[in-house]
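Descriptive analysis of the structure
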Amino acid sequence: MGIDAAEDSTKRERREAILRAAAKVFAQFGYFKAKVADVARAAGVADGTVYLYFRNKDDLLTSVFNWAMEEFVTRAKLELPSIADPRERLRRFAQLHFGLIERERDLAIVFQVELRHSTKFMERFSTSYLAGYLQILREVIEAGQRQGVFRGQLNSKMVAKFLFGVLDGMATNWVLSRKNNSLSSMVDPVLGLFLNGVGEGHA
């Protein structure tokens, strides 16, 4: 590894350490009460070091989200194409979503609680940050429609948003309940309801 590569690796590691510290601090104190100095202390760096990587606290908040979403979307794009059945792809997608929430509780609190308090962030979130997530869902749904697994007359964009809303709502409930029950155990019931509906017959 050359000097430049080593420096880049060190910068990435330090940036990730700051992001993890920010998630922990925002989850513990709340975004509005937390200070950049608190994040620096939790990351074990000087206050000025944080500003070498992030413009301000708002930039930290959005960067925490982007960092986690990038990890999620990258993993989903790697795993889902190898699954032939669109229904199983949706199940794996939900497992990845719930698994991230369970493993990273600080991130989960930031996602499901703190981010919702920022009107500026929610406006940006709803127009851009969610695009990659929803695009993956749309592609799975449209593949299922081409295979005749899902109803072709359904609007794939609407279906993707509907499933996101269900998964997001379950995740929020899990975070707020503060219980130790398994969120991942809800994947099959949620997907069963989503895929089969609630009626005895077909509309």
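Sequence order as written defines the numbering, with residues in each chain counted from 1. Two thresholds apply to this predicted model, a pLDDT of at least 70 for residue-level local features and 80 or more for giving and counting side-chain atom pairs, whereas whole-chain, interface and lining totals are computed over all residues. Side-chain measures were taken over the full set of non-hydrogen atoms in the model, leaving aside hydrogen atoms and water.

Focus on the packing of aromatic side chains
To keep things clear, this is the line we draw: Each Phe, Tyr or Trp ring, with Trp reduced to its six-membered ring, pairs with another whose centre is within 6.5 Å; inter-plane angles below 30 degrees give stacked pairs, above 60 give edge-to-face pairs, and intermediate values give tilted ones. For helices the rule is a DSSP run of H or I covering at least 4 residues; for strands it is a run of E covering at least 2, with both sets numbered from the N terminus onward. Cation placement over rings: the criterion is NZ of Lys or CZ of Arg within 6 Å of the ring centroid and within 35° of the ring normal.
Going through the model one piece at a time under the given rule, you end up with nine aromatic pairs. Consider the rings of Phe-93 and Tyr-133, whose centres lie 4.8 Å apart with planes at 75°: the pair is edge-to-face. With a gap of 40 residues between them, Phe-93 in helix α5 (residues 86–103) and Tyr-133 in helix α8 (residues 131–146) connect regions that are remote in the sequence. The ring of Tyr-31 has Lys-57 lying over it, and the distance from NZ or CZ to the ring centre is 4.6 Å. The side chain of Arg-105 reaches across the aromatic face of Trp-174, ending 4.6 Å from its centre.

Observations concerning helix α2 (residues 36–43)
Cut-off, in case you're wondering: Burial status follows relative accessibility: with a 1.4 Å probe on protein chains alone, a residue under 20% of its type maximum counts as buried, one over 50% as exposed, and anything between as partly exposed.
Where α2 is concerned, the buried positions are Val-36, Asp-38, Val-39 and Ala-40. Phi for Gly-44, located one or two positions after α2, is positive at around 75°.

A word on the side chain of Gln-112
In plain terms, the rule: Identification of polar contacts relies on pairs of N or O atoms within 3.5 Å, with a donor-acceptor requirement for protein atoms, meaning one able to donate a hydrogen and the other able to accept it, and with residues adjacent in sequence counted only if both atoms are side-chain atoms. Only heavy atoms enter the contact rule, under which two residues are in contact if any of them lie within 4.5 Å.
Following the sequence through the fold, Gln-112 ends up in helix α6 (residues 105–114). At 3.0 Å, the side chain of Gln-112 forms a polar contact with the side chain of Asp-168. Among the polar contacts listed, one links the side chain of Gln-112 to the side chain of Thr-172, at a separation of 2.6 Å. Excluding residues within four positions of it along the chain, Gln-112 makes contact with Ile-101, Asp-168, Ala-171, Thr-172 and Val-175.

Describing the side chain of Ser-63
By the element assignment, Ser-63 lies in helix α4 (residues 57–79). Overall, the relative accessible area of 6% leaves Ser-63 in the buried class. Excluding residues that lie within four positions of it along the chain, Ser-63 makes contacts with Arg-15, Leu-19 and Phe-54.

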